[in-house]
Amino acid sequence: MTDENGSRDVQPAIVKVFGRTGCAAAYAVRDLLHRCDVPFEWIELKTDEQARAIGVDSINDSRLPVCVFPDGARMQNPSIRQITEKLGWFRDPSRSEYDVAIYGAGPAGLSAAVYAASEGLATALVERNAIGGQAGTSPKIENYLGFPAGISGADLAERAREQACRFGAEILLAREGIPGELSAGNRVGYLADGTKIIARSAICATGVDYRRLGLFGEDRFHSAGVYYGAGASEASLCRNEYVFVVGGGNSAGQAALHFSRFAEKVTIVVRHDSLKSTLSSYLLDRINSTKNIEVFTNTEVTALRGNGILRAITLKNHRTDKNQTCNTRWLFVCIGGAPHTEWATGVGVARDEGGYLVTGPDLLRDGRPPDGWPLDRNPYYLETNVPGVFAAGDVRRGSVKRCASAVGEGAMAVMFVHRYLASG
Ligand SMILES: Cc1cc2nc3c(=O)[nH]c(=O)nc-3n(C[C@H](O)[C@H](O)[C@H](O)COP(=O)(O)OP(=O)(O)OC[C@H]3O[C@@H](n4cnc5c(N)ncnc54)[C@H](O)[C@@H]3O)c2cc1C
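Criteria and cut-off values
- Residues numbered from 1 in each chain as written.
- Predicted model: local features only at pLDDT ≥ 70, side-chain atom pairs only at ≥ 80, totals over all residues.
- Heavy atoms only, no water.
- Near = heavy atom within 4 Å.
- Polar contact = N/O pair within 3.5 Å; in protein donor to acceptor, adjacent residues only side chain to side chain.
- Areas by Shrake-Rupley, 256 points an atom, 1.4 Å probe, with all protein chains shown as cover.
- Nonpolar A, V, L, I, M, F, W, Y, C, P; charged D, E, K, R; others polar.
- Buried < 20%, exposed > 50% of the residue type's maximum accessible area, 1.4 Å probe, protein only.
- Helix = DSSP H or I, 4+ residues; strand = E, 2+ residues; numbered from the N terminus.
- Arc of directions from axis to C-beta.
- Contact = heavy atoms within 4.5 Å.
- Salt bridge = Lys/Arg side-chain N within 4 Å of Asp/Glu carboxyl O.
- Pairing = 2+ DSSP bridges.
- Axes fitted to C-alpha atoms, helices over the stretch in contact; angles between N-to-C directions.
- Expected span 1.5 Å × (residues − 1).

Colleague: In this structure, what is going on with the site of the ligand? I would like to understand it.
Modeller: Taken together, the neighbourhood of the ligand is formed by 32 residues, with Glu 127, Gln 134, Asn 143, Gln 254 and Asp 394 sitting nearest. Between the ligand and Pro 107, the relevant distance is 3.2 Å, taken from an oxygen atom to a main-chain nitrogen or oxygen of the residue. Between the ligand and the protein, one listed contact pairs an oxygen atom with a backbone N or O atom of Ala 135 at 3.4 Å. Computed on the free molecule, the ligand has an accessible area of 1,000 Å², of which 94% lies beneath the protein chains in the complex. In the shell around the ligand, the residues fall into 12 nonpolar, 13 polar and 7 charged.

Colleague: Hey, could you run me through helix α7 (residues 281–288) in this one?
Modeller: Three- or four-residue spacings in an α-helix give side chains the same orientation, since the helix completes a turn every 3.6 residues. For α7, the full list of buried residues reads Leu 283, Leu 284 and Ile 287. Down the axis of α7, the buried set is contained in an arc of 100°. They therefore lie on one face. Those residues of α7 that are exposed and aimed more than 90 degrees away from the buried face are Ser 281 and Asp 285. Buried positions along α7 lie against α6 (250–260), β14 (265–269) and β15 (293–296).

Colleague: For this particular structure, what's the right way to read the pattern of salt bridges?
Modeller: A side chain of one charge can pair with a side chain of the opposite charge if their charged atoms are brought near each other. Within the structure shown, the criterion is met by 24 salt bridges. For the salt bridge of Arg 63 with Asp 57, the shortest nitrogen-to-oxygen distance reads 3.5 Å. Since its relative accessible area comes to 30%, Arg 63 is described here as partly exposed. Glu 85 serves as the salt-bridge partner of Arg 81, at 3.1 Å between the closest nitrogen and oxygen. One end of the pair is Arg 81 and the other is Glu 85, both in helix α3 (residues 80–86) and 4 residues apart, which spans about a single turn. Judged by relative accessible area, which is 39%, Glu 85 ranks as partly exposed. Through salt bridges with shared partners, a single ionic network connects Arg 81, Glu 85, Asp 92, Arg 175 and Asp 193.

Colleague: Help me out: how do you make sense of the sheet that holds strand β16 (residues 299–306) in this one?
Modeller: The pairing of strands in a sheet happens through backbone hydrogen bonds and is either parallel or antiparallel. On the basis of which strands lie adjacent, the open sheet formed by 3 strands has the order β16-β17-β18 and antiparallel pairing. For this open sheet the edge positions go to β16 and β18 (322–327), each flanked by a neighbour on one side alone. Neighbour to neighbour, the strand axes of the sheet diverge by 25° on average, direction disregarded. Bridge count between β16 and strand β17 (residues 310–317): 7 bridges; the pairing is antiparallel. Note that in β17 the partner of Leu 304 across the bridge is Ile 313.

Colleague: Would you mind going over the sheet that holds strand β13 (residues 242–246) with me for this structure?
Modeller: Strands sit in the order β12-β19-β13-β14-β15 across an open sheet of 5 strands; the sheet is parallel. Pairing within the sheet leaves two strands with one partner each, and these edge strands are β12 (226–228) and β15. Each strand axis lies, on average, 20° off the axis of its neighbour in the sheet, ignoring direction.

Colleague: Help me understand the side chain of Asn 250, please; the structure alone is not making it clear to me.
Modeller: Considering the arrangement of structural elements, one finds Asn 250 in helix α6. Contacts of Asn 250, omitting those with residues within four sequence positions, involve Thr 278, Leu 279, Ser 280, Leu 283 and Arg 402.

Colleague: Mind showing me how you'd approach helix α5 (residues 153–166) here?
Modeller: A rise of 1.5 Å per residue sets the reference length of α5, with its 14 residues, at 20 Å; its end C-alpha atoms lie 20 Å apart and thus fit the reference within 8%. Of all 14 residues in α5, 10 are buried; the element is thus mostly enclosed. Along α5, the residues classified as buried are Gly 153, Ala 154, Leu 156, Ala 157, Glu 158, Ala 160, Arg 161, Glu 162, Ala 164 and Cys 165. Against the buried residues of α5 lie α1 (24–35), α4 (107–118) and β7 (170–172). Directly after α5, the chain includes Gly 168, whose backbone phi takes a positive value near 100°.

Below you can see the structure in the form of structure tokens.
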């Protein structure tokens, strides 16, 4: 991680995180530090005596996890915002008005911030969590141009963050955008903590949220055995364990390969009868030649068991109609996502039936702009039905769902922002 000015020369601090396995709050901290590329040491507490040694009563104490920072500062069960503040990355908007406010700091939002700031636009980038989005959870992105040996999503995101900061973009982390007022001359965006962001244009790059399995009691195990995404921060904790990955796409394939370096065995669970149609061939070849990865086809997870922490899962094979129970503490769900755009309906931004934001030519009916469109031009390619509000990346209807295309759309959206602002 770099400092506020984007310098990479600063030696990152090492944070110690004490907690117990299966604790959702501890996972949130590890995930945040990993995504932000902050080196940390995870110290698992196994006994109450160990817990008392760090100042809490037992391993079930709600004050866990405890984070100890290099300056000796100690935080008990800190929130994402408190950690962000402690690391010096939390900031308030410095301007009363921006040329563009970008929501979401995944590849699309980061790219938009780099191009907007580098082209002289006063730019705010708002992210509810850590930078990197879905890409930030990827252990290794191998198809991104210019990195023939691959690059971890966290590293790629951190480089982009540094670049955006160098050009003067303001990155507001740990802050969530909520429905604003889009009908006024200036777009007024509200953040969940009450902060107001006024901008002349907006780019929505809020990506997608991971889809759930939809099983009874699933929420109880969220981050306590059931994880959504590739769990890049967790791999080294799975040493000698049995890990299950649900999904047949590239993110599931990448996750399985990454876990196979640590786990005793990795089982990929897919509903289809093969991975061939859903996985890139370079990943398929590697999976087939990795001894400790097995693939259960025609199979679904049908039940989760455990008492607070996942202990076992039930799998059903639809071909044989047989159920089997497997003991595991690690289930990673990589079954794609759904856009998180409920906010759009409240402010009149059009969505399709899947919840994706509709832009440009997709808005036209018989070549004519949508009802209520107030201008005598058609919407620009990445523009929504609200002039000056753009969408880029996975959140957009018809997007390609790749890092490179999200980055491309982020850059392209900025070009349309310029056109929009120039037209007054
Ligand atoms: C595990 C995994 C591995 C992958 N591997 C590859 C790969 O190897 N190659 C490849 O090309 N693609 C890969 N992908 C796909 C790729 O990561 C996505 O296509 C890409 O991240 C989409 O970028 P995005 O910026 O549109 O959205 P996202 O990456 O989804 O980022 C959206 C961001 O918006 C934030 N956000 C959401 N709502 C709000 C709000 N209200 N306010 C503020 N912020 C908000 C989110 O927290 C998030 O950070 C992978 C995906 C996953 C999950």
